[in-house]
Amino acid sequence: MTYVLRIWYMLALVLVCPNTAEDFQWIKNNTGSFYYGTFPTGFLWGVGSSAYQTEGAWDKDGKGPSIWDAFTHKKGKVFRNETADSACDGYYKVKDDIQLLKELKVNHYLLSISWPRIMPTGIKAEQVNEKGIQFYNDTINSLLENSIIPIVSLYHWDLPQVLKEKYGGWQNISIINYFNDYANLCFEKFGDHVKHWITFSDPWAVAEKGYETGEHAPGLKLGGCGAYKAAHHIIKTHAKVWHSYNHTWHSEQQGMVGISLTSGWGEPIDFHLGWFANPIYKGDYPEVMKNYVGRKSAQQGQGTSRLPTFSVQEKSYIKGTSDFLGIGHFTTRYVIQKSLPSLHVSSYDTDSDLAELVDPKWPAPGSEWLYSAPWGFRGLLNFIKTQYGNPLIYVTENGVSEKVQCTQLCDEWRIEYLKGYINEILKAINDGVNVKGYTAWSLLDKFEWNKGFSERFGFYHIDFKNKNKPRYPKASVEYYKKIISANGFPNPREVESWYQKAMDTCSITNQLLAADPLITHMEMATEIVVATVFTLCILISAVLLMFVLRNHS
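Residues numbered from 1 in each chain as written. Predicted model: local features only at pLDDT ≥ 70, side-chain atom pairs only at ≥ 80, totals over all residues. Heavy atoms only, no water.

> Tell me about the packing of aromatic side chains, and please be specific about residues and values.
Given two aromatic rings, one states the distance between the centres and the angle between the planes to describe the pair. All chains considered together, the criterion is met by 50 aromatic pairs. Cluster of aromatic residues (ring-pair linked, three or more members): Tyr52, Trp68, Phe71, Trp157, Phe447, Trp449, Phe453 and Phe464. Of note, Arg295 hangs over the ring of Tyr292, and the distance from its end group to the ring centre comes to 4.7 Å. Above the face of the Phe34 ring, Lys419 is positioned so that its terminal group lies 5.0 Å from the ring centre. (Phe/Tyr/Trp six-rings, centres within 6.5 Å; stacked < 30°, edge-to-face > 60°. Lys NZ or Arg CZ within 6 Å of the ring centre and 35° of its normal.)

> Provide a residue-level description of the packing of helix 8 (residues 203-211) against helix 9 (residues 226-253), including the pertinent values.
Where helix 8 meets helix 9, the closest approach of the two axes is 8 Å, and the angle between their N-to-C directions is 150 degrees. Taken as axis vectors, helix 8 and helix 9 run roughly antiparallel relative to one another. For the pair helix 8 and helix 9, the crossing hand works out as right-handed. Contacts between helix 8 and helix 9 involve Pro203, Val206, Ala207, Glu208 and Tyr211 on the former and, on the latter, Gly226, Ala227, Ala230, Ala231 and Ile234. Classifying every residue of the contact of helix 8 with helix 9 by side-chain character gives eight nonpolar, one polar and one charged. (Axes fitted to C-alpha atoms, helices over the stretch in contact; angles between N-to-C directions. Helix = DSSP H or I, 4+ residues; strand = E, 2+ residues; numbered from the N terminus. Parallel < 35°, antiparallel > 145°, perpendicular 65-115°, else oblique. Left-handed = near helix turned anticlockwise from the far one by under 90°. Contact = heavy atoms within 4.5 Å. Nonpolar A, V, L, I, M, F, W, Y, C, P; charged D, E, K, R; others polar.)

> For the pattern of salt bridges, give the residues involved together with the corresponding values.
In this structure the tally under the stated criterion is 28 salt bridges. The salt bridge partner of Arg117 is Glu55, with a shortest N-O separation of 2.8 Å. Separated by 62 residues along the polypeptide, Arg117 in helix 4 (residues 115-118) and Glu55 in the loop between helix 1 (51-54) and helix 2 (67-72) bring together distant segments of the chain. This pair shows no difference in class: Arg117 is buried, exactly as Glu55 is. One salt bridge connects Lys60 with Asp59, and the closest N-O pair in it is separated by 4.0 Å. For Lys60, a relative accessible area of 41% puts it in the partly exposed group. When its relative accessible area of 39% is taken as the criterion, Asp59 is described as partly exposed. (Salt bridge = Lys/Arg side-chain N within 4 Å of Asp/Glu carboxyl O. Buried < 20%, exposed > 50% of the residue type's maximum accessible area, 1.4 Å probe, protein only.)

> How would you sum up the side chain of Asn129? Please name residues and give values.
Examined against the element boundaries, Asn129 turns out to sit in the loop between helix 4 and helix 5 (130-145). A residue is classified by how much of its surface remains accessible, and Asn129, at 8% relative accessible area, is buried.

> Before we move on, can you summarise the pairing of strand 6 (residues 256-262) with the specific residues and values?
For strand 6, the buried fraction is high: six of the seven residues fall into the buried class. With four bridges connecting them, strand 5 (residues 196-201) and strand 6 associate as parallel partners. Pairing of Ile198 across the sheet is with Gly258, part of strand 6. Strand direction decides the pairing type here: strand 6 and strand 8 (residues 325-328), joined by four bridges, are parallel. (Pairing = 2+ DSSP bridges.)

> Help me get a handle on the environment of Tyr499, residues and values and all.
The topology assignment puts Tyr499 in helix 16 (residues 492-552). The sequence separation of Tyr499 and Glu412 amounts to 87 residues, and the corresponding C-alpha distance is 8.3 Å. Ignoring anything within four residues of it in the chain, the contact list for Tyr499 reads Glu412, Ile415 and Tyr479.

> Tell me about the confidence of the model for the protein, and please be specific about residues and values.
Keep in mind that low pLDDT regions are not for reading the predicted coordinates in detail. With 85% of its residues at a pLDDT of 70 or more, the protein shows a mean pLDDT of 88. For the stretch residues 1-28, pLDDT sits under 50, and the model shows 108 contacts to residues farther than four places along the chain or on other chains. Low pLDDT (under 50) marks residues 518-530, which in the prediction has two contacts with non-local residues, meaning those over four places away or in another chain. (pLDDT = per-residue confidence, 0-100.)

> Would you mind going over empty space enclosed by the protein in detail, with residue names and values included?
Summed over the entire model, instances satisfying the criterion amount to five cavities of 30 Å³ or more. Roughly 240 Å³ of internal volume is contained in the largest cavity. What lines the largest cavity is a set of 22 residues, and nearest its centre among them are Thr54, Gly90, Tyr109, Leu111 and Thr139. Secondary-structure elements contributing two or more residues to the lining of the largest cavity are helix 1, helix 3 (94-104), strand 3 (108-112) and helix 5. Considering only residue class, the lining of the largest cavity consists of 12 nonpolar, six polar and four charged. (1 Å grid on protein atoms, 1.4 Å probe; cavity = no way out; pocket = protein on both sides within 12 Å on 5 of 7 lines; lining within 4 Å. Points joined across faces, edges and corners; volume = space filled by probe spheres on them.)

> A description of the environment of Ala364 should follow, citing residues and the corresponding values.
Considering the arrangement of structural elements, one finds Ala364 in the loop between strand 10 (354-357) and helix 13 (375-387). Judged by its relative accessible area of 41%, Ala364 falls in the partly exposed class. As a C-alpha pair, Ala364 and Thr331 span 33 residues in sequence and 9.9 Å in three-dimensional space. The residues touching Ala364, leaving out its near neighbours within four places in the chain, are Leu370 and Tyr371.

Next up, the structure:
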């Protein structure tokens, strides 16, 4: 979940005014005010996770290696050289984790499928892993049996390592067809039960972190071209998969295919959302992006722009390929225009000529990039409404982390974050934004990419030092349950009571957690004692047997 805001698209603020509902007008100029009210009937509440961050079992039951397996197994790539080889042991704890979802009372669960778990090399013609397919079938069926809607992402960053080694991953255009084969296999095997598909989760991070800075797998630093080329292929792949589903599967399965784009809000100028959203909704990259990258490329002595171009046919093919827009959002920045020197070394990072600032008063409880500024979410959602024709939106990721220094179950900062950000969604809906569901991030504490296990986004704490990986609810579990049950924030008195109830619950859980190390120690001691006694019994029996045999002879 590492995230650094990058600004793209418009160089002027475009905001829409709230609608004319009388009970809402008083709030429109006050970003700090709280709006009491409920969400529309049928609004979906959920929580999410991803395969690589939670499943573990990295080489079990026929799974092939992913680029993240290869990346984390190299020293110096991840904080404390941690890996997700076992992660949360989610592969073995599906039933346990579904019980947590039931406890939360969510309507839906957003999960991702590991491409190398069902296609070990990433190439359908070479191998399909039936055990992997069975695992996801069982997971999806278990969710439905418990009245939980599965929302499934086809790609949350775990590219099969073979495709990176053979073809260079997202740098190679051939990957479009390999991914389309994989997507169609998923539609074939799971499409009868899955009605909400996401092609890519946060493709910005895939392109920029994987092929520009090298902070994420596959760890490549390809100057100012790598991120643009990867993004170009991802956009084309998304469009091909959408057309495949629409042509082959939609009439029978009646599902939807969208993409999940993670974006911050840049105040008072816009953000990088348009890099991916503009081609999908308008057919091409934003004009300002084309102009800036083209100008910087020329200044650096390059004959053509480092930003690839779409043909006329491709623009038409890509435009309109999203049944819904998934939005991940975590933070906001103040952004100013800043003329950066035309370096001979090309860089995506400097192409936009923008600098970012934060207000030191904004809370920042965990990740160094994540400052809490809820009002930015409303600005982002209204921008999408204006720029992209008010599409159907599902919030696919929203949450806050904590730095792990000691176990923190009474996560009042997460409660405040959720309360503020969810309330801004409610305001945006009153503005007329077409938001139909919310996914909190995330169900569990999990592996946070190059940050390892040092940052925690979960509603449930996991003791990763315990071989059983037990889950413990944080205070935010109780608070989020109240929001779901009330479908929003009905009145001040009721909402205020939720906080105390959540704190009381976490105090009890803290006592249980404090007792667990002692219980675990006793269990370990018992195992040692039993093993020792068993060994002594065998030795004594052997001595007695030798004694009997000697006397007999």
